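Descriptive analysis of the structure
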Amino acid sequence: MELHDLTVIRPLLEKHGFHFSKSMGQNFLIRDWVPRRILEVAGITCDDGVLEIGPGIGVLTQELCSAAGKIVAVELDHRLIPVLQETLAVFSNAEIVSGDIMKLDLMQLLSDQLPGLPLKVCANLPYNITTPVLRLLMESERFAQITVMIQKEVAQRICAKPGTPEYGAFTVFTEFYASPAICFDVPPDCFYPRPKVTSTVITLHRKTRDISPEDRDFLFSITRAAFSQRRKTLVNSLSSLFAGKLTKEELQAAVAACGFDPLVRGERLSLRDYLTLSSYIKTIL
Ligand code: SAH
């Protein structure tokens, strides 16, 4: 079924009595080059188990079914389940799961549906939950590669360099878990209905790290504090986090001992700098 053709999509949705919901971030792809190019960068092989979030009517899912070993597609809108059953009927390797990706038990889903398979994610994400979904997927540390279409400005934040306005705590979080890369932009006219924003496809290749959960949480408490008030110096931001434990002078000395200017702002430091700083602070606490 040519799911990127509006003359096919409209009657299909009408037949199922479907109406678009803004709150669920529903914008369906209507250009065939887009799922094709997503597949080119997603690095999916016939051995892979692939998780898709928000399949919509299945335009990307169909491509995934031809490339991967097995697909699990989680769709929140139960009105789309019968549509997907129809559009994916010819594929025997797709499992449609009705539910909210933020609420279901991800680990359970993966072990039930994709046991023993090398795992990847490929999705045109619902934009209202982009950051929490990416956080969940990266924190699970289960996916060798995550390929997602997201809002262009979120993609720029994820791939930002230290010292730029887009650089923030989520950039550092992503860098911790993955190597991010921008692949290509997708203009609003590739969707129905047409969104206001431009989209970007990015890939996130998993990094493996030798760090304890306690040290990781400590690192993120520091980066969160460092970015919570961007105009403050790093030392001032950390003063509240370590109130009662370290004085401002001790923090200044710690920042200097790690080789940074005591007046530096948090937005100047890279993930590597934060790793250095957090292990140093741990030794003086
Ligand atoms: N992948 C399709 C549709 C993208 S639109 C395409 O490219 O054409 C985003 C899809 O995510 C919609 O189908 C929407 O219903 C679904 N969705 C929104 N919130 C969700 C959630 N929390 N869990 C799972 N799916 C969700």
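Since the structure is predicted, the reported quantities are computational estimates derived from the model, not experimental observations. Per chain, residues are indexed from 1 in the order of the written sequence. The model is predicted, so local features are restricted to residues of pLDDT at least 70 and side-chain atom pairs to those at 80 or more, both for listing and for counting; the totals for chains, interfaces and linings are taken over all residues. Processing note: side-chain calculations cover all non-hydrogen atoms of the structure and skip hydrogens and water entirely.

1. Topic: the nonpolar core
Keep this limit in mind: As used in this record, nonpolar core signifies buried Ala, Val, Leu, Ile, Met, Phe, Trp, Tyr and Cys residues forming a set joined through side-chain atoms within 4.5 Å. The rule is simple: take the accessible area with a 1.4 Å probe, protein chains only, and divide by the maximum for that residue type; under 20% is buried, over 50% is exposed, in between is partly exposed. Note: domain ranges come from an automatic or database domain assignment. Contacts between residues were defined by any pair of non-hydrogen atoms, one from each residue, lying within 4.5 Å.
L51, L277 and I281 are the most contacted members of the largest nonpolar core, which has 58 residues in total. Both domains that furnish three or more residues to this core are identified here as domain 1 (6–206) and domain 2 (213–284). When sequence neighbours within four positions are dropped, the list of residues in contact with L51 reads V72, V74, I101, L106, L109, K120, V121, C122, L137 and F143. Counting residues in hydrophobic clusters, the runner-up holds 31 residues, among them L3, F18, V59 and A68.

2. Concerning the packing of aromatic side chains
Defined as follows: Pairing of aromatic side chains here covers Phe, Tyr and the six-membered ring of Trp, requires ring centres within 6.5 Å, and sorts the geometry by plane angle: under 30 degrees stacked, over 60 edge-to-face, intermediate tilted. Each helix corresponds to a stretch of at least 4 residues labelled H or I by DSSP, and each strand to a stretch of at least 2 residues labelled E; elements are numbered beginning at the N terminus. Look at NZ for Lys and CZ for Arg. If either is within 6 Å of the ring centre and within 35 degrees of the ring normal, a charge sits over the ring.
Applying the stated criterion across every chain yields a total of 14 aromatic pairs. Residues F20 and Y192 carry aromatic rings whose centres are separated by 5.4 Å and whose planes lie at 90 degrees to one another, so their mutual orientation is edge-to-face. Placement of the pair is F20 in the loop between α1 (6–15) and β1 (28–29) and Y192 in strand β8 (residues 191–192), with a sequence separation of 172 residues. The exposure class assigned to F20 is partly exposed, which follows from its relative accessible area of 29%. Between F227 and Y274 the ring centres are 6.1 Å apart and the planes differ by 45 degrees, which places this aromatic pair in the tilted class. A residue pair is termed long-range when its members are at least 10 positions apart, and F227 in helix α9 (residues 213–228) and Y274 in helix α12 (residues 271–284) qualify at 47 residues. Using a relative accessible area of 9% as the deciding quantity, one classes F227 as buried. A connected cluster of aromatic rings, assembled from ring pairs, spans F170, F173, F176, Y177 and F220. A cation sits over an aromatic face here: R37 above F184, 4.2 Å from the ring centre. Just above the ring of F176 sits the side chain of R209; from NZ or CZ to the centre is 4.8 Å.

3. What to know about the site of the ligand
For clarity, the threshold we go by: Nearness is judged by heavy atoms alone; a residue qualifies as near a molecule or strand once a single heavy atom is within 4 Å of it. We define a polar contact as two N or O atoms separated by no more than 3.5 Å, with the added condition that, inside protein, one atom must be a possible hydrogen donor and the other a possible acceptor, whereas residues neighbouring each other in sequence contribute only through side-chain atom pairs. Per-residue and other accessible areas follow the Shrake-Rupley method at a 1.4 Å probe size, with only the shown protein chains counted as cover for residues.
The immediate surroundings of the ligand are formed by 22 residues, with L29, G54, E75, D100 and N124 found nearest. Backbone polar atom of G56 to an oxygen atom of the ligand: 3.4 Å apart, as the coordinates give it. Separating a nitrogen atom of the ligand from a side-chain N or O atom of D100 is a distance of 2.8 Å. Computed on the free molecule, the ligand has an accessible area of 580 Å², of which 98% lies beneath the protein chains in the complex.

4. Overview of the side chain of T171
For T171, the location among the structural elements is in helix α8 (residues 169–177). Residue T171 is classed as buried on the basis of its relative accessible area of 2%. A distance of 2.7 Å separates a polar atom in the side chain of T171 from the backbone oxygen of R157. Not counting residues within four places of it along the chain, the set of residues in contact with T171 comprises R157, I158, A160 and E166.

5. Some words on the sheet that holds strand β7 (residues 178–186)
Condition: Here, strands pair whenever DSSP counts at least two bridges between them. Comment: axis = line fitted to C-alpha atoms, over the contacting stretch for helices; angle = value between 0 and 180 degrees taken between N-to-C directions.
As summarised here, the arrangement of the 7 strands in space is β4-β3-β2-β5-β6-β9-β7, forming an open sheet in which the pairing is mixed. The open sheet has two free edges, formed respectively by β4 (94–98) and β7, since each of these has just one partner strand. Here the average twist between neighbouring strands, direction ignored, is 20 degrees. Both strand β5 (residues 119–124) and strand β6 (residues 145–151) contribute to a ladder of 5 bridges, which runs parallel. Pairing of A123 across the sheet is with V148, part of β6. Helix α5 (residues 106–113) contacts β2 (49–53), β3 (70–75), β4 and β5 of the sheet and is inclined by roughly 145 degrees relative to β3.

6. A word on the domain arrangement of the chain
Often, the extent of an interface is quoted as the loss of accessible area upon association of its parts. Put simply, the rule reads: When two parts are brought into contact, each loses some accessible area as probed by a 1.4 Å sphere; the total of that loss over both is the buried area. One side-chain nitrogen of Lys or Arg within 4 Å of one carboxyl oxygen of Asp or Glu is enough to make a salt bridge.
Split by domain assignment, the chain resolves into domain 1 (6–206) and domain 2 (213–284). The partner domain 2 presents 12 residues to the 12 residues of domain 1 that form the contact. In this assembly, domain 1 packs against domain 2 so that about 1000 Å² is buried in total across both faces, 68% of it on carbon and sulfur atoms. The largest contributions to the domain 1 side of the interface with domain 2 come from Y167, V172 and F176, which together make up 45% of the buried area. Here domain 1 and domain 2 share 0 salt bridges between them.

7. Quick look at the environment of A243
Within the fold, A243 resides in the loop between α10 (234–241) and α11 (248–257). With relative accessibility at 54%, the residue A243 sits in the exposed group. The sequence separation of A243 and L269 amounts to 26 residues, and the corresponding C-alpha distance is 22 Å.

8. Remarks on unusual backbone geometry
Residues apart from glycine generally show negative phi values, whereas peptide bonds are mostly found in trans. Backbone torsion omega between Y192 and P193 reads -10 degrees, so that peptide bond is classified as cis. Among the structural elements, P193 can be located in the loop between β8 and β9 (199–206).

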